[in-house]
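Here is how the chains run, residue by residue.
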Amino acid sequence: MTEKQSPDEQSSLKARTAHGMMWGGLSNALTQLLNLAFGIVLARQLSAADYGMVGMLAVFTAVAGTLQEGGFISALANRKKVSHEDYNAVFWFSLGMGCAMYAVLFCCAPLIARFYGEPKLVPLARYLFLGFVLASTGVAHSAFLFRNLMVRQRTMGVLPALVISGGTGVAMACAGYAYWGIATQSIVYIGVCNAFYWHFSGFRPTLPVSFRPIREMFGFSSRLLLTNIFFQFNNNLLSTLLGRFYTPADVGCFTQSNKWNMMAHSLVSGMAGSVAQPVLASVGEDRERLRQVLSKMLGFMAFLSMPAMLGLALVSREFILITIGPRWASCVPVLQLLCIWGAVEPLKQLYTNLLLSRGRSDLYLWNTVALSLSALALALALAPFGLRAMLVGFVALNVGWTAVWQWFVRQTAGLGYKAALRCVLPFALAAGASVAAAAWLTRGTEGLWVPMMLKIVVTVALYAGLLWLSGSAMLRESLDYLGVRFGKTVKKN
């Protein structure tokens, strides 16, 4: 017998979800705008080789960061009742792991440099990896904000951190510190973020500490930890292999392209990512209600991600040349390919949030492991054929693997392939048709600014027009919600 939610509870959940997604969207929009501004300045100051130096360390940074987080943010979000003892145990455990990981990687820095054949990586790695220790002091506080849907407070911490760290990185790059500026930017960002998280969460670690909650959460968090390691490995696989088989400049080109791709799709996935797991977990065992909530979120993700990512691919040439200059022109075809992957990445992230909200970290684990091992085998097989072949294979594998994620979603929430396609396909077709028409209508237009603006305006107009004519409920609901929020703002003022 499943527990049904009352109409009042469903209405409250809808309001909390909309509020959280609004703040998540605002946070991500401002975050990406700031990243865009600082990224442009840094790219004009630094070379592809500078970005490649930091990019070669990305996989170590990501995996070690995952180890010190331990999967406890999601574990705490799924826990029915959470006490100070739980957060306190996570804080001291994460701090210990952060210090241990830094000690290990400090000693391994010469081996990392030897693997890439780049001696300068030894001091850079030892400096950059300090971020692990710093990040470990904010895991419990971040978990508190995440569990309690305090998206606004997270936003109020992230934005100042971006401004301060971005300004630091730009100042160091202008002063001639090259890749040291990128490394310092990362460390400063972590430090400032954590300071705000401490302030807004109100949680303070205490002694003595009991690690009993760690043992209780270990079954869920350990599977999630291993999953996240493979997830980070898959995301940083190409930069690692490019650093091994090619030059730092090749790594820098990919790193720069992937940065813009991730900024774009994170703008979409971050809106739902900030609330998806807690909201889906709060639905309880009402399977029909879960399917309804998931369908609505899936449609919303596709509604935004398809035109955003395909549109970025359309204007990638103009965007790259205008923002970071002609010397980065080699990034254009790389970014175009990555945007195809970016169009479905928010959908996959929503699926993973569903599995975590149902406590199925085991499904998340084995699917991610299979994807990572497949990506490694494919990349090694395609490495002799050059960068483009590796990219095409990587993108095709990750896009195609969405069908595998969907299979697990069907088993977990009862949302089948046909139902998922009904949520996604209308927006994918409308976005594809709009982008293709915009490319044809603007062909032969000279310059950079005029073609880019024309492509954007035509794509948006055609996309909105197609959805309006087809009677898209998602478009109408979004416009109604924005209208209500705007009306309330006007009344307050």
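A separate point is the overall build of the protein chain. When helices and strands are tallied, the protein chain shows 23 helices and zero strands. Taken over 493 residues, the protein chain has a buried fraction of 54%. Partitioning the contacts of the protein chain with sequence separation of at least 6, the portion at a separation of at least 24 is 85%. Here the protein chain displays about 21,300 Å² of accessible surface, and carbon together with sulfur accounts for 68% of that area.

For the structure on display, the rule yields 18 aromatic pairs. When the ring of Phe91 is compared with that of Trp198, the centres are 5.9 Å apart and the planes differ by 80 degrees; the resulting orientation is edge-to-face. Here Phe91 is found in helix 5 (residues 84-116), whereas its partner Trp198 is found in helix 10 (residues 179-201), with 107 residues between them in sequence. Plain terms: the ring middles of Trp341 and Phe394 are 5.3 Å apart, the flat faces sit at 85 degrees to each other, and that makes the pair edge-to-face. Residue Trp341 is found in helix 17 (residues 331-357), and its partner Phe394 is found in helix 19 (residues 387-400); the two are separated by 53 residues along the sequence. The same class applies to Trp341 and to Phe394, which are both buried. Three or more aromatic residues joined by ring pairs form one cluster here, namely Phe300, Phe303, Phe427 and Tyr463. In this arrangement the basic side chain of Lys259 is found over the ring face of Trp260, its NZ or CZ atom lying 4.5 Å from the centre. Positioned above the aromatic ring of Trp440 is the side chain of Arg443, whose terminal nitrogen or guanidinium carbon lies 4.2 Å from the ring centre.

Counting residues in hydrophobic clusters, the biggest one holds 131 residues, and the most contacted among them are Leu298 and Ile320. If we skip the residues at most four places from it in the chain, Ile320 touches Trp260, Gly325, Trp328, Ala329, Cys331, Val332 and Leu335. Residues Val158, Ala161, Cys193 and Tyr197 belong to the second largest nonpolar core, which totals nine residues.

What follows is about a nonpolar patch on the surface. A cluster of nonpolar residues, Trp449, Met453, Ile456 and Val460, forms a patch on the protein surface that exposes about 410 Å² of accessible area. Among the structural elements, Met453 can be located in helix 22 (residues 449-469). Judged by its relative accessible area of 41%, Met453 falls in the partly exposed class.

Turning our eyes to something else, we now look at the environment of Pro384. Within the secondary structure, Pro384 sits in the loop between helix 18 (361-382) and helix 19. For Pro384, a relative accessible area of 68% puts it in the exposed group. Spatially, the C-alpha atom of Pro384 lies 9.0 Å from that of Phe245, the residues being 139 residues apart in sequence.

The next subject is the pattern of salt bridges. Pairing between side chains of opposite charge can happen when the charged atoms of each approach one another. The tally for this structure, following the rule as stated, stands at seven salt bridges. The salt bridge partner of Glu85 is Arg212, with a shortest N-O separation of 2.3 Å. With Glu85 in helix 5 and Arg212 in helix 11 (residues 212-235), this residue pair connects regions lying 127 residues apart in the sequence. Assessed through its relative accessible area of 28%, Glu85 is described here as partly exposed.

What follows covers helix 5. For helix 5, built from 33 residues, the straight-helix expectation of 48 Å at 1.5 Å per residue is met to within 8% by its first-to-last C-alpha distance of 44 Å. The sharpest bend along helix 5 comes to roughly 50 degrees, located at Cys108, with the proline Pro110 sitting one to four residues further on.

For the rest of this paragraph, the subject is unusual backbone geometry. Cis geometry marks the peptide bond from Leu207 to Pro208; its omega dihedral reads 0 degrees. Mapped onto the elements of the fold, Pro208 is located in the loop between helix 10 and helix 11. Phi is positive for Ala178, close to 50 degrees, though the residue is something other than glycine. Mapped onto the elements of the fold, Ala178 is located in the loop between helix 9 (151-174) and helix 10. Taking the relative accessible area as the measure of exposure, Ala178 reaches 19% and is therefore buried.

Take the environment of Ser83 next. Along the chain, Ser83 falls in the loop between helix 4 (72-78) and helix 5. Here the alpha-carbon distance between Ser83 and Pro213, two residues 130 residues apart in the chain, equals 9.7 Å.

So, about helix 12 (residues 237-245). Of all nine residues that make up helix 12, seven are buried, and the element is covered over most of its length. Looking only at helix 12, the buried set comprises Leu237, Leu238, Ser239, Thr240, Leu241, Leu242 and Gly243.

To continue, consider the packing of helix 15 (residues 287-314) against helix 21 (residues 417-441). Here helix 15 crosses helix 21 at 20 degrees, and the two axes come no closer than 8 Å. Taken as axis vectors, helix 15 and helix 21 run roughly parallel relative to one another. Relative to helix 21, the crossing made by helix 15 is right-handed. Residue-level inspection shows Ser295, Leu298, Gly299, Ala302, Phe303, Met306, Pro307, Leu310, Gly311 and Leu314 of helix 15 in contact with helix 21, the latter providing Ala420, Cys423, Val424, Phe427, Ala428, Ala431, Gly432, Val435, Ala438 and Ala439. When its residues are assigned to classes, the contact of helix 15 with helix 21 shows 16 nonpolar, four polar and no charged.

Its place among the elements puts Thr402 in helix 20 (residues 402-413). In this structure the side chain of Thr402 is engaged in a polar contact, spanning 2.9 Å, whose partner is the backbone oxygen of Val399. What Thr402 contacts, discounting residues up to four positions off in sequence, is Val344 and Tyr351.

A word on the environment of Ser269. Tracing the sequence through the fold places Ser269 in helix 13 (residues 248-273). Along the primary structure Ser269 and Glu345 are separated by 76 residues, whereas in three dimensions their C-alpha atoms are 7.8 Å apart.

Thresholds, definitions, all that
- Residues numbered from 1 in each chain as written.
- Predicted model: local features only at pLDDT ≥ 70, side-chain atom pairs only at ≥ 80, totals over all residues.
- Heavy atoms only, no water.
- Helix = DSSP H or I, 4+ residues; strand = E, 2+ residues; numbered from the N terminus.
- Buried < 20%, exposed > 50% of the residue type's maximum accessible area, 1.4 Å probe, protein only.
- Contact = heavy atoms within 4.5 Å.
- Areas by Shrake-Rupley, 256 points an atom, 1.4 Å probe, with all protein chains shown as cover.
- Phe/Tyr/Trp six-rings, centres within 6.5 Å; stacked < 30°, edge-to-face > 60°.
- Lys NZ or Arg CZ within 6 Å of the ring centre and 35° of its normal.
- Core = buried A, V, L, I, M, F, W, Y, C linked by side-chain atoms within 4.5 Å.
- Patch = residues over 30% accessible without salt bridge, like charges linked within 9 Å, V, L, I, M, F, W, Y side chains within 5 Å.
- Salt bridge = Lys/Arg side-chain N within 4 Å of Asp/Glu carboxyl O.
- Expected span 1.5 Å × (residues − 1).
- Bend = angle between axes of the 7 residues up to and from the residue.
- Axes fitted to C-alpha atoms, helices over the stretch in contact; angles between N-to-C directions.
- Parallel < 35°, antiparallel > 145°, perpendicular 65-115°, else oblique.
- Left-handed = near helix turned anticlockwise from the far one by under 90°.
- Nonpolar A, V, L, I, M, F, W, Y, C, P; charged D, E, K, R; others polar.
- Polar contact = N/O pair within 3.5 Å; in protein donor to acceptor, adjacent residues only side chain to side chain.

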